[in-house]
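Examination of the molecular architecture
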Amino acid sequence: MTEVDAMASSAVVEVETPGTELARFETGVRSMLEQFGLPTQQLFVPVPERALMVNNVGGVLEELEPGIRAEAHYVSKMVAAATVGLFDAALNYLWDELVSALRSRVVGFDLAYFFDIAAGNNTDLRRGLKTEDDLPAVDDARLLRASLEIGLISDAGFHRLDHVRWMRNHASAAHPNQNDLAGLELVTFLQVCIREVINTPTDTVTAHTGRLLANVKKELLEPGAVDTAAAFFDQLPADRADTLANGLFGLYTAASRIPMVADNVRLLWPRLWPFVQEAARKNFGIRHGRASASAETEFAAAARELIELVGGTAYLTTEVRAIDMSDALDSLSGAHHGFNNFYNEPGPARRVLALAGEQGDVPEQVRERYVRVIVDCFLGNGYGVSDAAVTSYEAMLARFSSADAALALRLFLDPVYSSLLGHKVGRAQWVALLEILEPKLTSTTDRDLMAAVRAFPGTADKLRHDARIKGLAGVKP
């Protein structure tokens, strides 16, 4: 026999030895079960699969530091169950080890921040999450997603771990199933858990975020600290900026917040807001709307403060914005038609502009009135136009949709607006209004009307009496 043959023979013996021992142990267990009159079929994974697991698990366990390995009780149970041939139970123990490790990372990072992210819009769930003892109330799927969002696991790690979670739900003892697991597959799952959670260091963004949150809750931030945080925000990936905003939002709306924390969030919030994505911004509006609808007045008031702090009222829900816009239009119209209007208009005008937002997204319930009030104010009151408010009016007119522009163009038909066009100021403003509206008109009917209005030889206040123009405007004879 050559030396190579001898080595190969020795390797075979080494592989067969644990298999022989496993087979002998299984025979004893089956004999005991038979004595009890219990079933013995389809209980154990075949011995070769168990031998594969035993021969490979040692190398994977070497990746664990000795101190961590000595405390990994669920891994011990996993290896023991797998050795017996109960791979389904082994996978369940492995998942328990993963969850335990992930929860420890959460506690070491920032528990309240994690709870805010994990609960999301579920206010009922969030109310019940206060201490480390409440972590089991966060289901496994939420645990993984929230850990991904705050940076405790990577994107690739999330997908690998989520696959392990799926297998745990469909091929382990956690639920009835008829799925089989292979020995190498089980070892691979253990390796994924070790590499993606247990042995994975916290990335720099997550570490910096953790320090920032700790400082927010520890002392009032100095201007230099706020500037440093703003520089950090500029380096954040978009999804992590959204997550941090969610955490600060949670700190500010918490019933237990203290004034210092609120002050710190107010300092940071405007610096972070430019980096927050549209979906996250809208979600803050939804959370405010739900709190308002369920009479959670303290939460709703705090949420509204943050949203207004950054001029984000356009992100409030449609129902809330419709009510707010109606009230704001009342204030603007009252100021415009009241005493000392040139001085009183700018504030209400800015309020309406903020509610309309960058996209001019006005709820349908008040959209027609919005168009009418803005055009009314833009045309002036016969004496002039508020110089301090006109920039707000121009901004809102510039954000009119095609439908808004079509309505505004036809307002000369209304005697109230026609009367304004009888004054020099109104006629000058009307010409300026047409310049803004014309590029927005898309239909042939609207553009034909615009051409006829521009070509009208009389003064603008006489437009409503011209039969042809009335016909183009859709007025029936």
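The structure we're discussing is the one just above.
Residues numbered from 1 in each chain as written. Predicted model: local features only at pLDDT ≥ 70, side-chain atom pairs only at ≥ 80, totals over all residues. Heavy atoms only, no water.

1. Remarks on the overall build of the protein
Secondary structure summary: the protein contains 26 helices and zero strands in total. Relative to the globule expectation of 23 Å for 477 residues, the C-alpha radius of gyration of the protein, 34 Å, shows a markedly less compact shape. Considering only C-alpha atoms, the protein reaches an extent of 115 × 55 × 50 Å along its principal axes. Looking at the protein as a whole, 45% of its 477 residues qualify as buried. Total accessible area computed for the protein in this model is approximately 23,700 Å², and 55% of it derives from carbon and sulfur atoms. Between the mean site of the 46 positive side-chain charges and the mean site of the 62 negative ones, the protein shows a separation of 9 Å. (Helix = DSSP H or I, 4+ residues; strand = E, 2+ residues; numbered from the N terminus. Rg over C-alpha atoms; globule rule 2.2 N^0.38 Å. Buried < 20%, exposed > 50% of the residue type's maximum accessible area, 1.4 Å probe, protein only. Areas by Shrake-Rupley, 256 points an atom, 1.4 Å probe, with all protein chains shown as cover. Lys, Arg positive; Asp, Glu negative; His and termini not counted. Charge placed at Lys NZ, Arg CZ, Asp CG, Glu CD.)

2. Regarding the pattern of salt bridges
Applying the stated criterion across every chain, the model contains 25 salt bridges. Its salt-bridge partner being Asp446, residue Arg410 comes within 2.8 Å of it at the nearest N-O pair. With a gap of 36 residues between them, Arg410 in the loop between helix H22 (402-409) and helix H23 (415-420) and Asp446 in helix H25 (residues 444-455) connect regions that are remote in the sequence. For the pair formed by Arg410 and Asp446, the shared burial category is buried. The partner of Glu435 in a salt bridge is Arg454, and the shortest N-O contact between them spans 3.1 Å. One end of the pair, Glu435, is in helix H24 (residues 424-437); the other, Arg454, is in helix H25, with 19 residues separating them in the sequence. (Salt bridge = Lys/Arg side-chain N within 4 Å of Asp/Glu carboxyl O.)

3. What to know about the packing of helix H17 (residues 318-337) against helix H20 (residues 364-379)
The geometry of H17 relative to H20 is characterised by a closest axis approach of 10 Å and an angle of 25° between their N-to-C directions. Judged by the inter-axis angle, H17 sits roughly parallel to H20. H17 and H20 meet at a crossing whose hand is left-handed. Counting all contacts with H17, which are made through Thr318, Ala322, Met325, Ser326, Leu329, Asp330, Leu332, Ser333, His336 and His337, the residues of H20 involved are Gln365, Val366, Arg369, Tyr370, Val373, Ile374, Asp376 and Cys377. (Axes fitted to C-alpha atoms, helices over the stretch in contact; angles between N-to-C directions. Parallel < 35°, antiparallel > 145°, perpendicular 65-115°, else oblique. Left-handed = near helix turned anticlockwise from the far one by under 90°. Contact = heavy atoms within 4.5 Å.)

4. Description of the nonpolar core
In summary, soluble globular proteins display a tendency toward joint burial of nonpolar side chains. Phe114 and Leu244 are the most contacted members of the largest nonpolar core, which has 88 residues in total. A per-element tally of this core places helix H5 (residues 87-109) first, with 12 residues. Contacts of Leu244, omitting those with residues within four sequence positions, involve Tyr113, Thr209, Leu212, Leu213, Phe232, Phe233, Leu236 and Leu272. One finds Leu353, Leu355, Leu420 and Leu433 within the second-largest nonpolar core, a separate group that totals 49 residues. (Core = buried A, V, L, I, M, F, W, Y, C linked by side-chain atoms within 4.5 Å.)

5. Remarks on the packing of aromatic side chains
Scanning all chains against the criterion turns up 12 aromatic pairs. Between Phe114 and Phe115, the aromatic rings sit 6.0 Å apart at their centres with planes inclined by 55°, giving tilted as the arrangement. Phe115 shares its class with Phe114; the two are buried. Between Trp269 and Trp273 the ring centres are 5.7 Å apart and the planes differ by 40°, which places this aromatic pair in the tilted class. (Phe/Tyr/Trp six-rings, centres within 6.5 Å; stacked < 30°, edge-to-face > 60°.)

6. Observations concerning a nonpolar patch on the surface
On the surface, a cluster of nonpolar side chains totalling about 320 Å² of accessible area is made up of Met32, Phe36 and Leu38. With respect to the helices, strands and loops of the structure, Met32 is situated in helix H1 (residues 3-35). A relative accessible area of 39% means that Met32 is categorised as partly exposed. (Patch = residues over 30% accessible without salt bridge, like charges linked within 9 Å, V, L, I, M, F, W, Y side chains within 5 Å.)

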